[in-house]
Amino acid sequence: MFYPKWVEKWLKLLAGKGMSVMVLTNTFLASFSLPGRTASIQLFILAGQSNMVGYRSNLDDLPPYLQEPLSQVLWYDRQNEWVTLQAPTEPLPFSQGVANSQGFGPEITLAATISRHLKQPIALVKYAQNGTNLETQWNPKLEDSLYHQMLDRVQEAIAELSRLGYSVEIAGFFWMQGESDAKSDRYMASNYAQNFTHFIARLRQDLNQPELPVIYGLIPIVNQQSTTPFGTFEYGDIVREAQFQVSQSVAHTGLVETLYFSRDADNLHFHSLGLMSLGHHFALQWVQMECGSRCSLYPSLDWTKPSPALPLEPLNRTGRQCFDSGEISPNSPITAPW
């Protein structure tokens, strides 16, 4: 339940007189914890490693309107409080930092796209940590793994929404992870399909959501990919193939090709534009899964290439095919809604 237009104007007026919009907004949101006020809200969970964190993001790269508070989106912040979503969103206490001290992940454009489609408030909670693998660190079978820490945060976030008067529907889970599993351990890479299948099953069981939509990004890593200063990632294709297999064998999953998203000079991390692209396409994939053919105007892969060397039409091949053919480099320009 969010403030209407007259309240938004009131907040801006008071902010112009030197009062904190964040404090005023939080005060207004707290009012909805009063008995008798109940509203339904869809909750989205984000998790993974450094490309979900937004390690190479730069706040200055965000377009002006994405630097403003997203008034239809609640964000569970570093103080474990629900606030209006606004960059910077990182670092969170468990992320282990971002390159530019403060930044953002795919949550900004993900939230902007989904809230624009639903035309109603949504809530986001995130748990991601740099340089972590699925084999051991995110393994649900291991006590005190990141999986369980993530689940604790999600349950705390839901409890706080309930205290504020919301009835919560867990509507989607977004995952950007697998680079660490592709680094140097072939056994770890080869186990990815099995590990991820179990991860999804356990997540749905623990959240009591057997058909929870799970949307994830194919890692932007191929075999023997060199990065600086992170070394060579030997088994990218094995993990990417495993991720593709999961999308074919596990229901209610959707994947997003990321190989041609813009990335930093380190050749591993998405920079700001890549992160904005990731969030936007995560959201498009979720929208398409939710409404099927009715969303034909919003394909999950709708890239056009504003370059003389590339056709100005949507690409219907996989990112890897385009990458191998030389038509797309990791830093190819893209057009996007922002």
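Fair warning: this is a prediction, and the values are worked out from it, not measured in the lab.

Calculation criteria
- Residues numbered from 1 in each chain as written.
- Predicted model: local features only at pLDDT ≥ 70, side-chain atom pairs only at ≥ 80, totals over all residues.
- Heavy atoms only, no water.
- Helix = DSSP H or I, 4+ residues; strand = E, 2+ residues; numbered from the N terminus.
- Contact = heavy atoms within 4.5 Å.
- Areas by Shrake-Rupley, 256 points an atom, 1.4 Å probe, with all protein chains shown as cover.
- Axes fitted to C-alpha atoms, helices over the stretch in contact; angles between N-to-C directions.
- Parallel < 35°, antiparallel > 145°, perpendicular 65-115°, else oblique.
- Left-handed = near helix turned anticlockwise from the far one by under 90°.
- Nonpolar A, V, L, I, M, F, W, Y, C, P; charged D, E, K, R; others polar.
- Core = buried A, V, L, I, M, F, W, Y, C linked by side-chain atoms within 4.5 Å.
- Buried < 20%, exposed > 50% of the residue type's maximum accessible area, 1.4 Å probe, protein only.
- Phe/Tyr/Trp six-rings, centres within 6.5 Å; stacked < 30°, edge-to-face > 60°.
- Lys NZ or Arg CZ within 6 Å of the ring centre and 35° of its normal.
- Pairing = 2+ DSSP bridges.
- Salt bridge = Lys/Arg side-chain N within 4 Å of Asp/Glu carboxyl O.

Draft legend 1. Main features of the overall build of the protein. From N to C terminus, the protein includes eleven helices and nine strands. Taking the intrachain contacts of the protein between residues at least 6 apart in sequence as the baseline, contacts between residues at least 24 apart amount to 72%. Accessible surface computed for the protein: about 14,600 Å², of which carbon and sulfur atoms make up 50%.

Draft legend 2. Highlighting the packing of helix 6 (residues 146-163) against helix 8 (residues 192-207). Between helix 6 and helix 8, the shortest axis-to-axis distance is 12 Å and the interhelical angle comes to 30 degrees. The orientation of helix 6 with respect to helix 8, classified from their angle, is roughly parallel. Judged by the sense of rotation from one axis to the other, the crossing of helix 6 with helix 8 is right-handed. Packed against helix 6, whose contacting residues are Y147, H148, M150, L151 and V154, the element helix 8 presents F199, R202, L203, D206 and L207 at the interface. A class-by-class count of the residues in the contact of helix 6 with helix 8 yields seven nonpolar, one polar and two charged.

Draft legend 3. Fine view of the nonpolar core. Residues W82, F173, F174, W175 and F196 are the most contacted members of the largest nonpolar core, which totals 86 residues. No other element matches helix 10 (residues 272-291), which puts eight residues into this core.

Draft legend 4. Here's a closer look at the packing of aromatic side chains. Inspection of the entire model under this criterion finds 17 aromatic pairs. Grouping aromatic residues by their ring pairs yields a cluster made of F94, Y127, W138, Y147, F173, W175, Y192, F196, F199 and Y216. The cationic tip of K183 hangs over the ring face of F233; the distance from NZ or CZ to the ring centre is 5.2 Å.

Draft legend 5. Here's a closer look at the sheet that holds strand 1 (residues 39-48). Strands sit in the order 3-2-4-1-5-6-9 across an open sheet of seven strands; the sheet is mixed. Single-partner strands in this sheet number two, and they are strand 3 (82-85) and strand 9 (253-256). Across the sheet, the mean angle separating the axes of adjacent strands is 30 degrees when strand polarity is ignored. Of the strand pairs in this sheet, strand 1 and strand 4 (residues 122-128) are connected by seven bridges, and their pairing is parallel. Across the sheet, G48 pairs through a bridge with A128, a residue of strand 4. Contacts from helix 9 (residues 236-249) reach strand 6 (214-217) and strand 9, with the element oriented near 145 degrees to strand 9.

Draft legend 6. Geometry of the pattern of salt bridges. Tallied over the entire structure, the rule returns seven salt bridges. In this structure, K126 engages E90 in a salt bridge whose closest nitrogen and oxygen atoms are separated by 2.9 Å. With K126 in strand 4 and E90 in the loop between strand 3 and helix 5 (107-118), this pair connects stretches of sequence that are 36 residues apart. Just as K126 is buried, E90 falls in that class too. Put simply, E160 and R163 hold a salt bridge, and the shortest N to O gap is 2.9 Å. Of this pair, E160 and R163 both sit in helix 6, three residues apart, which is roughly one turn of that helix. Note on E160: relative accessible area 21%, which makes it partly exposed. In this structure, a network of salt bridges that share partners links the residues R56, D264 and D266.

Functional significance is not addressed by these values, which are geometric in nature.
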